[in-house]
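Notes for the structure review
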Amino acid sequence: MADNGEDDSIDRIKEGDYVVLKRGDIFKAVQIQAKKKVNFERQWFFLDNAVGQPYSSTFEIESGGSLRFKSPTETQSSTDASEAGTDNRNIVDDGKSQKLTREDIETLKEQGVKGQDIIQHLIDNSSTFRDKTEYAQAKYIKKKKKKYENTVTILKPSCRILAVMYHGREPGKICHLRYDTLAQMLTLANVHAGSKVLVFDTCAGLVLGAVMERMGGFGSVIQMLPGGGPIRAAMESFGFPRHFHDTLYEFPICHVNAVLAGTLDTSAKGSSESSTAEEKTPTETGTQGSPEEMSVDQNPDDDQAKLEQRKEAKALERKQKQEEKRRKLAAAAAQLEGRNADGLVIASRFHPPSVLMGLLKFLSPSRPFVVYSQYKEPLIECFTKLKEQGGTVNLKLTDTWLRHYQVLPNRTHPLLLMSAGGGYLLSGTTVATDGSKPAAASQAAQEPAPKRLKLSDTQV
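Source: prediction; values computed, not measured. (Residues numbered from 1 in each chain as written. Predicted model: local features only at pLDDT ≥ 70, side-chain atom pairs only at ≥ 80, totals over all residues. Heavy atoms only, no water.)

Let's shift gears to the nonpolar core. L182, M185, L206, V207, V211, M212 and V221 are the most contacted members of the largest nonpolar core, which has 41 residues in total. Counting only elements with at least two residues in this core, the list comes to α6 (159–169), α7 (179–188), β8 (196–201), α8 (206–215), α9 (233–237), β11 (343–347) and β12 (368–373). With seven residues, the top contributor of residues to this core is α8. Non-local contacts of V211, meaning those with residues more than four positions away in its chain, are made with L186, V191, V197, V199 and V221. In this structure, A341, L356, L360 and L379 belong to the second largest nonpolar core, which totals 29 residues. (Core = buried A, V, L, I, M, F, W, Y, C linked by side-chain atoms within 4.5 Å. Buried < 20%, exposed > 50% of the residue type's maximum accessible area, 1.4 Å probe, protein only. Helix = DSSP H or I, 4+ residues; strand = E, 2+ residues; numbered from the N terminus. Contact = heavy atoms within 4.5 Å.)

Put into structure tokens, the structure is as follows:
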């Protein structure tokens, strides 16, 4: 019974959780916080009443911004009509079929009438609704529900949901990476629990979060940072538990050559020198003070003592941060020094050839790698360099194609609108190379073939 209770608590919304709000095909990732106003689809509300409810629940937005839980039976109830026509050939769209005006609808909203009742009013006051076919009526009701029903569904974040959300709202932040392409990347890189994976991601942390979700908190993930601090907005939206973050390491890609050469210095000496250099500027500027502080000061000795205490606290905090940064760098370098990574995933807006050639050296033989790019030309350059350099087999350059279908009784067909492209993938497998064999082969290729001696008739 205790286990069932724990499982039930995991599937329920708690304060501080990251969730995804859904209405129709629109998604938004937020965090559950008490008395925090959330804006979603031109409406604002509070998520306090959602705490304790199961995920995938639907709520109705009431006046004042509070949420009311809707039971599954209430959610499934619809305003289906009992009468339907045989075809739509006699229906004329002249704009006069609806008797309710915009002012009437606004008056119903001000009176607090629910969205479902407004839809029923629209159906009752439509002169052509009952002449429409059953399919046309369902389409009409679906369209009006999307416009007038004030409902929102709260989902648990997952790789697919977040990928669909980012691709629909802000595709530029994830380099137009589509969710089917992301799924192929995880498969081609053979991401699984217990593996060591290198990730170079500038897609707001979406690829990093997908790798961590697939590994389930087992193994190690080394994120290669292109510049300053990491950008992990999408990864934070997954809401991973703490032990997932314990398997994550971060390493600046600018130090890759130092690791390969064995000259990376992770001792405390270098970090202490940089910290002392940073401490000089605030110390000198802090002694001056502003004119207002100088005029208000009544006891210079007490103020000087407080100023010194603040300086010491800031210096101690800066030193702790430097030590923590050095410790993380040393831990990530220790993971890379073995050069025994099990996979490499690259999805970046940077030019991939130099990044790929540098990071391939950290993979063990017979390990997969995959590179994503929105355009095929950079991957063609990578393909050519890998062929010239050697050390890889099974190189494939592919593009992904996806089309959605409407699956309904007697009206299943592909949707008219679809994504033009999902980007390109370059995948392959590393192999161990022997330096002596290519040299011998090239030497044999340069030597001319021995000539055959012709036998004369006398010798025969």
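Here we take up the sheet that holds strand β7 (residues 151–155). With antiparallel pairing, five strands are arranged side by side in an open sheet as β2-β1-β7-β5-β6. Looking at strand neighbours, the two that pair on one side only are β2 (26–31) and β6 (67–70), the edges of this open sheet. Pairwise comparison of adjacent strand axes, ignoring direction, gives a mean angle of 35° for this sheet. As paired strands, strand β1 (residues 18–23) and β2 are joined by six bridges and run antiparallel to one another. Counted as the bridge partner of V19 is V30 from β2. (Pairing = 2+ DSSP bridges. Axes fitted to C-alpha atoms, helices over the stretch in contact; angles between N-to-C directions.)

A word on a negative patch on the surface. There is a patch of like negative charges on the surface, built from E103, D104, E106 and E110. The residue E110 is located in helix α3 (residues 102–110) in this model. Its relative accessible area of 68% is what places E110 among the exposed residues. (Patch = residues over 30% accessible without salt bridge, like charges linked within 9 Å, V, L, I, M, F, W, Y side chains within 5 Å. Areas by Shrake-Rupley, 256 points an atom, 1.4 Å probe, with all protein chains shown as cover. Salt bridge = Lys/Arg side-chain N within 4 Å of Asp/Glu carboxyl O. Lys, Arg positive; Asp, Glu negative; His and termini not counted. Charge placed at Lys NZ, Arg CZ, Asp CG, Glu CD.)

The tally for this structure, following the rule as stated, stands at six aromatic pairs. With a centroid separation of 5.8 Å and 65° between ring planes, the pair formed by F59 and F69 is classed as edge-to-face. Here F59, found in strand β5 (residues 57–61), pairs with F69, found in strand β6; they are 10 residues apart in sequence, far enough to count as distant. Judged by relative accessible area, F59 falls into the buried class, the value being 0%. Counting every residue linked through ring pairs, the aromatic cluster contains F238, F240 and F244. A cation sits over an aromatic face here: K37 above W44, 4.6 Å from the ring centre. (Phe/Tyr/Trp six-rings, centres within 6.5 Å; stacked < 30°, edge-to-face > 60°. Lys NZ or Arg CZ within 6 Å of the ring centre and 35° of its normal.)

Our next topic: the side chain of D201. Structurally, D201 can be placed in strand β8. Salt bridges are absent for the buried D201, whose nearest opposite-charge side chain, R232, sits at 8.1 Å. A distance of 2.5 Å separates the side chain of D201 from the backbone nitrogen of C203, its partner in a polar contact. A polar atom in the side chain of D201 sits 3.3 Å from the backbone nitrogen of L208. In this structure D201 touches L206, V207, L208, Q223 and A347, once residues within four positions along its chain are discounted. (Polar contact = N/O pair within 3.5 Å; in protein donor to acceptor, adjacent residues only side chain to side chain.)

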